[in-house]
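Topology and contacts: notes
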Amino acid sequence: MAKLVTIYGGSGFVGRYVARRMAKAGWRVRVAVRRPNEAIFVKTYGVVGQVEPVLCNIRDDASVASVMQGADAVVNCVGVLAEAGKNTFDAVQSDGAERIARIAAAQGINRMVHISAIGADLESESNYARTKAEGEAGVLKHQPNAVILRPSIVFGPEDQFFNRFAGMARMGPVLPVVGANTRFQPVYVDDVAHAAEMGVLGDASGTYELGGPVTMSFRELMDLMLDVIRRRRLVLNIPFFAARIMAFGFDMMQAVTLGLVKNGMITRDQVKNLSQDNVVAEGAQGLDALGIQPTAMVSVLPEYLWRFRPSGQYDAIKESAKNLRSS
């Protein structure tokens with residue numbers, strides 16, 4: 001019988017690519033998610049019955065254990081960019097990660113891949129970065145041979161980075177950003193999934209920091225994105241002191257309304273993260289150590305950002321038409 005892998009958060013941005021790769025590798029895939037009815041699409045990644053979404057709440061021991069029964073390996077892709085209700089950084093990224101590792105060890109599963117993030121630091125002022133580091137420590141406490149993957153910003157068709165700012169670029173002549181000079185090393189989502197697949201298959205060991213082939217500032221990334229969507233906008237840097245004031249206001253609005261009004265703009269914790277470069281550390285194991293050739297942004301961004309162009313899919317046709325000479 002084919003081996004079984006349980007992927008927590010397997011319908012999310014990174015998780016779905018890991019699920020697809022494991023299905024192609026011939027594994028049975030159990031996709032553990034909060035809302036399985038919204039994850040039906042993962043079934044198409046394999047033959048009938050090979051990939052199945054199942055209900056799981058990583059804040060609950062019994063729920064985590066039930067979807068892990070019979071698995072040969074586990075992958076944790078669960079993470080949050082902003083807290084909402086009971087899904088706090090501590091509950092999801094720290095306690096949740098350790099819970100999965102602890103229960104896996106109790107069930108005799110000794111192969112685990114954990115998706116963390118570049119910048120994970122126990123001493124960080126950012127709760128996001130701190131809990132990412134706590135999650136790593138909790139995983140290694142129970143699964144000392146676990147593979148830890150720390151990607152920089154992950155890009156791909158479903159990303160919340162380029163898609164978000166490309167959408168904002170349609171609204172006016174100015175594109176505001178916080179931390180315009182902060183450096184990033186964006187990595188393609190399927191490259192991260194490839195690294196996770198190697199971890200499950202036993203072809204990787206230790207901790208890896210995953211970045212793409214180029215390092216760029218936030219402003220340079222926005223200029224690249226604007227070039228792809230063929231829009232001219234002023235990239236306006238918002239000073240950190242102003243960003244902290246704005247984020248405080250948005251956070252308080254969410255708190256006062258008891259979460260009814262979500263802070264979908266920027267949080268105080270995100271401002272803290274944006275003040276730190278997000279690049280692969282010197283001497284760290286990366287994609288090269290896994291033999292993975294990193295995918296360039298310029299080869300992927302046009303494939304999914306075309307819809308933000310002034311004329312969408314017809315933009316290239318219109319540009320070609322301008323070059324036609326009347327006979």
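Residues numbered from 1 in each chain as written. Predicted model: local features only at pLDDT ≥ 70, side-chain atom pairs only at ≥ 80, totals over all residues. Heavy atoms only, no water.

So, about unusual backbone geometry. The backbone of Arg-230 sits at a positive phi, close to 60°, despite the residue not being glycine. As for its position among the elements, Arg-230 is in the loop between α7 (218-229) and β13 (234-238). For Arg-230, a relative accessible area of 32% corresponds to the partly exposed category. (Helix = DSSP H or I, 4+ residues; strand = E, 2+ residues; numbered from the N terminus. Buried < 20%, exposed > 50% of the residue type's maximum accessible area, 1.4 Å probe, protein only.)

Evaluation of the coordinates by the stated rule reveals 10 aromatic pairs. Ring centres of Phe-184 and Phe-218 lie 5.7 Å apart, and the angle between their planes is 80°; this geometry places the pair in the edge-to-face category. Here Phe-184 is found in strand β9 (residues 183-184), whereas its partner Phe-218 is found in helix α7, with 34 residues between them in sequence. Put simply, the rings of Phe-161, Phe-162, Phe-165, Phe-184 and Phe-218 touch in pairs and so form one group of aromatic residues. Lying across the ring of Tyr-17, Arg-20 places its NZ or CZ 5.0 Å from the centre. One residue, Arg-20, lies across the ring of Tyr-45, its end atom 4.4 Å from the ring centre. (Phe/Tyr/Trp six-rings, centres within 6.5 Å; stacked < 30°, edge-to-face > 60°. Lys NZ or Arg CZ within 6 Å of the ring centre and 35° of its normal.)

Moving on, we get to the environment of Val-261. By the element assignment, Val-261 lies in the loop between α8 (240-256) and α9 (268-274). For Val-261, a relative accessible area of 35% corresponds to the partly exposed category. Placed 11 residues apart in sequence, Val-261 and Phe-250 show a C-alpha to C-alpha distance of 9.2 Å. When residues no more than four places from it in sequence are discounted, the contact partners of Val-261 are Met-253 and Gln-254. (Contact = heavy atoms within 4.5 Å.)

What follows covers a positive patch on the surface. A cluster of basic residues, Arg-34, Arg-35, Arg-59 and Lys-86, forms a positive patch on the protein surface. Mapped onto the elements of the fold, Arg-34 is located in the loop between β2 (28-33) and β3 (51-55). (Patch = residues over 30% accessible without salt bridge, like charges linked within 9 Å, V, L, I, M, F, W, Y side chains within 5 Å. Areas by Shrake-Rupley, 256 points an atom, 1.4 Å probe, with all protein chains shown as cover. Salt bridge = Lys/Arg side-chain N within 4 Å of Asp/Glu carboxyl O. Lys, Arg positive; Asp, Glu negative; His and termini not counted. Charge placed at Lys NZ, Arg CZ, Asp CG, Glu CD.)

It is worth spelling out the nonpolar core at this point. Residues Phe-162, Met-222, Met-225 and Leu-305 are the most contacted members of the largest nonpolar core, which totals 74 residues. The element best represented in this core is α7, accounting for eight residues. Listed in part, the 27 residues of the second largest apolar core include Ala-32, Val-74, Tyr-128 and Ile-148. (Core = buried A, V, L, I, M, F, W, Y, C linked by side-chain atoms within 4.5 Å.)

Attention now moves to the sheet that holds strand β11 (residues 207-210). The seven strands lie next to each other as β3-β2-β1-β4-β5-β6-β11, forming an open sheet whose pairing is parallel. Edge strands, defined here as strands with exactly one partner in the open sheet, are β3 and β11. Neighbour to neighbour, the strand axes of the sheet diverge by 20° on average, direction disregarded. Where strand β6 (residues 147-151) lies against β11, four bridges are found, and the strand directions are parallel. Looking at the pairing, Arg-150 lines up with Glu-209 of β11. Here helix α4 (residues 127-142) sits on the sheet and contacts β5 (112-115) and β6; the angle it forms with β5, its principal contact strand, is near 175°. (Pairing = 2+ DSSP bridges. Axes fitted to C-alpha atoms, helices over the stretch in contact; angles between N-to-C directions.)

The next point concerns the side chain of Gln-143. The residue Gln-143 is located in the loop between α4 and β6 in this model. In this structure the side chain of Gln-143 is engaged in a polar contact, spanning 2.8 Å, whose partner is the backbone oxygen of Ile-109. Ignoring anything within four residues of it in the chain, the contact list for Gln-143 reads Ala-101, Ala-104, Ala-105, Ile-109, Asn-110, Arg-111 and Met-112. (Polar contact = N/O pair within 3.5 Å; in protein donor to acceptor, adjacent residues only side chain to side chain.)

A contiguous nonpolar patch, built from Val-174, Leu-234 and Leu-236 and spanning about 250 Å² of accessible area, is present on the exposed surface. Within the fold, Leu-234 resides in strand β13.

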